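Residues per chain, in single letters:
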Amino acid sequence: MAQLLGPLELTQDGWVIGDPTRTGGLCVLLTPEGLEHRRDGAAEPQLTVPWARFMELHVQAAFRKWQTTPGLPARPGADMGRDGCSLYGLVRHPYEPWRVRYTHHQRGYKGSHVMVLKFLFAQLSEAKALDRLGDREWVSAAVAQLSNHTSWNGSRARQLVETTIRSLGT
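Everything in this summary refers to the structure shown in the same document.

Criteria and cut-off values
Residues numbered from 1 in each chain as written. Predicted model: local features only at pLDDT ≥ 70, side-chain atom pairs only at ≥ 80, totals over all residues. Heavy atoms only, no water. Buried < 20%, exposed > 50% of the residue type's maximum accessible area, 1.4 Å probe, protein only. Helix = DSSP H or I, 4+ residues; strand = E, 2+ residues; numbered from the N terminus. Pairing = 2+ DSSP bridges. Axes fitted to C-alpha atoms, helices over the stretch in contact; angles between N-to-C directions. Parallel < 35°, antiparallel > 145°, perpendicular 65-115°, else oblique. Left-handed = near helix turned anticlockwise from the far one by under 90°. Contact = heavy atoms within 4.5 Å. Nonpolar A, V, L, I, M, F, W, Y, C, P; charged D, E, K, R; others polar. Polar contact = N/O pair within 3.5 Å; in protein donor to acceptor, adjacent residues only side chain to side chain. Salt bridge = Lys/Arg side-chain N within 4 Å of Asp/Glu carboxyl O.

### Some details on the pairing of strand S5 (residues 34-39)
Part 1 of the reasoning: With five of six residues buried, S5 is to be regarded as a mostly interior element.
Part 2 of the reasoning: Two strands pair when backbone bridges link them, and strand S4 (residues 26-30) and S5 are joined in this way by five bridges, in the antiparallel orientation. Within S5, the position partnered with Val28 by the bridge is His37.
Part 3 of the reasoning: Hairpin geometry of S4 and S5 is characterised by an intervening segment of three residues between the two adjacent antiparallel strands.

Shown next as structure tokens:
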């Protein structure tokens, strides 16, 4: 079974975006209830947002750690600079933009993995099925299918994610 897809990786706590082992590091744990934003992998989350509050959710993932250097200018279409590794979206009650950062792993992220991860979040947002990200078995099955993708072709990646979501059910 595949245990990672870009910044998303399986830990003993569950599926996590970001590096929970880095000192001072930030990560986001995907739980059945919602997202937990954590520092140093601590059991006490700094912030918890229930899945029901999200209207949409997206991921930004710089391919290499150096691309997240503060002060690095943002480029259109490139996840770089301070927010190069972040989750962002729109929450309700009240309606407002939402963003949290996570710490890049020491390893680089494959471009194909980042691409399918972004499509996964976007398509689950569109289907109003973001709570599937809190189902450990569902995410494991999705990552197993998506982690073999190696193409940089956006339409192939989009189609693979659509097929995966359809085969696993939403």
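### Overview of the packing of helix H1 (residues 111-126) against helix H3 (residues 154-168)
Part 1 of the reasoning: As a packed pair, H1 and H3 sit with axes 9 Å apart at the nearest point and diverge in direction by 50°. Taken together, H1 and H3 sit at an angle that is classed as oblique. Our pair here, H1 against H3, has a crossing hand that is right-handed. Along the contact surface, H1 presents Met115, Val116, Phe119, Leu120, Gln123 and Leu124, while H3 presents Gly154, Ala157, Arg158, Leu160, Val161, Glu162 and Ile165.
Part 2 of the reasoning: Considering only residue class, the contact of H1 with H3 consists of nine nonpolar, two polar and two charged.

### What to know about the environment of Arg92
Part 1 of the reasoning: Note that Arg92 resides in the loop between strand S8 (85-91) and strand S9 (96-101).
Part 2 of the reasoning: Sequence separation of Arg92 and Phe54 is 38 residues, and the distance between their C-alpha atoms is 6.5 Å.
Part 3 of the reasoning: Setting aside anything within four residues of it in sequence, one finds Arg92 in contact with Ala52, Arg53, Phe54 and Met55.
Part 4 of the reasoning: Polar contacts involving the side chain of Arg92 include one to the main-chain carbonyl oxygen of Ala52, which spans 2.7 Å.

### A closer look at the packing of helix H2 (residues 136-146) against H3
Part 1 of the reasoning: Where H2 meets H3, the axes come as close as 10 Å, and the angle between the chain directions of the two elements is 145°. Once H2 is placed against H3, the crossing between them reads as right-handed. Of the residues in H3, those in contact with Trp138, Ala141, Ala142, Gln145 and Leu146 of H2 are Leu160, Val161, Thr164, Ile165, Ser167 and Leu168.
Part 2 of the reasoning: Partitioned by chemical class, the residues of the contact of H2 with H3 number eight nonpolar, three polar and no charged.

### Quick word on the pattern of salt bridges
Opposite charge on two side chains lets them pair, provided their charged atoms get close.
Part 1 of the reasoning: Under the defined criterion, the tally for this structure stands at five salt bridges.
Part 2 of the reasoning: Salt-bridge contacts for Arg38 lead to Asp13; the nearest nitrogen and oxygen are separated by 3.4 Å. Remark: Asp13 occurs in the loop between strand S2 (8-11) and strand S3 (14-17) and Arg38 occurs in strand S5; sequence separation between them is 25 residues.
Part 3 of the reasoning: Classification of Arg38 by relative accessible area gives buried; the value is 10%.
Part 4 of the reasoning: Of the charged contacts in the structure, one is a salt bridge between Arg53 and Glu96, with a shortest N-O distance of 3.8 Å. With a gap of 43 residues between them, Arg53 in the loop between strand S6 (47-50) and strand S7 (54-61) and Glu96 in strand S9 connect regions that are remote in the sequence.

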